[in-house]
Amino acid sequence: MEIIQSAIMRMAGNSFLLKGWSVTLVSALFALAAKDRNPMFLFVAYIPCICFWVLDAYFLRQERLYRALYNQVALKQEIDIDFSMDTTPFSTSVESWGATAFSVTLRLFHGVVLLTVIVVTTAAVVYAC
């Protein structure tokens with residue numbers, strides 16, 4: 001069970017790091033756009049927003065799959081545990097990747113980042129005209 005728990009912790013850690021990198025890269029691109037007065041950096045900011053959202057959804061789904069595996073192993077007697085890390089039996093009981101990508105937690109975080117990029121890009125385009 002410790003092995004499964006460590007996999008869950010790695011997935012959660014990866015998700016946390018992705019959120020940090022998303023904010024950092026978008027902020028850096030905003031700073032470059034302001035410094036160089038080049039709005040193309042603002043349009044490039046969409047790439048990390050979407051990529052990190054996709055990756056975060058992947059890691060969150062993997063975390064949920066390992067949690068389901070953990071729950072199943074916790075119900076077994078010690079002699080019946082086979083030490084398998086295969087999560088495919090749980091793929092139908094855990095939300096799909098798409099549903100995970102648009103879960104409330106991911107929509108709130110990555111949606112706000114994406115909305116910020118949209119607002120700043122729109123303001124830059126309107127200001128430039």
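Residues numbered from 1 in each chain as written. Predicted model: local features only at pLDDT ≥ 70, side-chain atom pairs only at ≥ 80, totals over all residues. Heavy atoms only, no water.

Asks: Is there a simple way to think about the packing of aromatic side chains in this case?
Replies: To describe a pair of aromatic rings, one takes the distance between the centres and the angle between the planes. Applying the stated rule across the entire model yields 2 aromatic pairs. Ring centres of Tyr58 and Phe59 lie 5.4 Å apart, and the angle between their planes is 65°; this geometry places the pair in the edge-to-face category. Residue class for Tyr58 comes out partly exposed when judged on its relative accessible area of 41%. With a relative accessible area of 16%, Phe59 lands in the buried category. (Phe/Tyr/Trp six-rings, centres within 6.5 Å; stacked < 30°, edge-to-face > 60°. Buried < 20%, exposed > 50% of the residue type's maximum accessible area, 1.4 Å probe, protein only.)

Asks: I keep staring at the pattern of salt bridges and nothing clicks. Help me out?
Replies: Two side chains carrying opposite charge are able to pair once their charged atoms lie near each other. Per the counting criterion, the structure on display carries 3 salt bridges. Between Glu63 and Arg67 there is a salt bridge, and its shortest N-O distance comes to 2.4 Å. Residue Glu63 and its partner Arg67 are located together in helix H3 (residues 46-75), separated by 4 residues, close to a single helical turn. The class for Arg67 is partly exposed, based on a relative accessible area of 42%. A salt bridge links Arg64 to Glu95; its shortest N-O distance comes to 2.8 Å. Of this pair, Arg64 sits in helix H3 while Glu95 sits in the loop between H3 and helix H4 (97-101), and the two are 31 residues apart along the sequence. (Salt bridge = Lys/Arg side-chain N within 4 Å of Asp/Glu carboxyl O. Helix = DSSP H or I, 4+ residues; strand = E, 2+ residues; numbered from the N terminus.)

Asks: Is there a simple way to explain the side chain of Glu63 in this structure?
Replies: Look at Glu63 and you get buried, because its relative accessible area is 8%. Not counting residues up to four positions away in its chain, the partners in contact with Glu63 are Ile8, Met11 and Ala12. (Contact = heavy atoms within 4.5 Å.)

Asks: Is there a simple way to explain helix H5 (residues 104-128) in this structure?
Replies: Taking 1.5 Å as the rise per residue, H5 with 25 residues should run 36 Å; its terminal C-alpha atoms sit 35 Å apart, in good agreement. The sharpest bend along H5 reaches about 30° and sits at Gly111. On the buried face of H5, the contacting elements are helix H1 (2-36), helix H2 (40-44), H3 and H4. (Expected span 1.5 Å × (residues − 1). Bend = angle between axes of the 7 residues up to and from the residue.)

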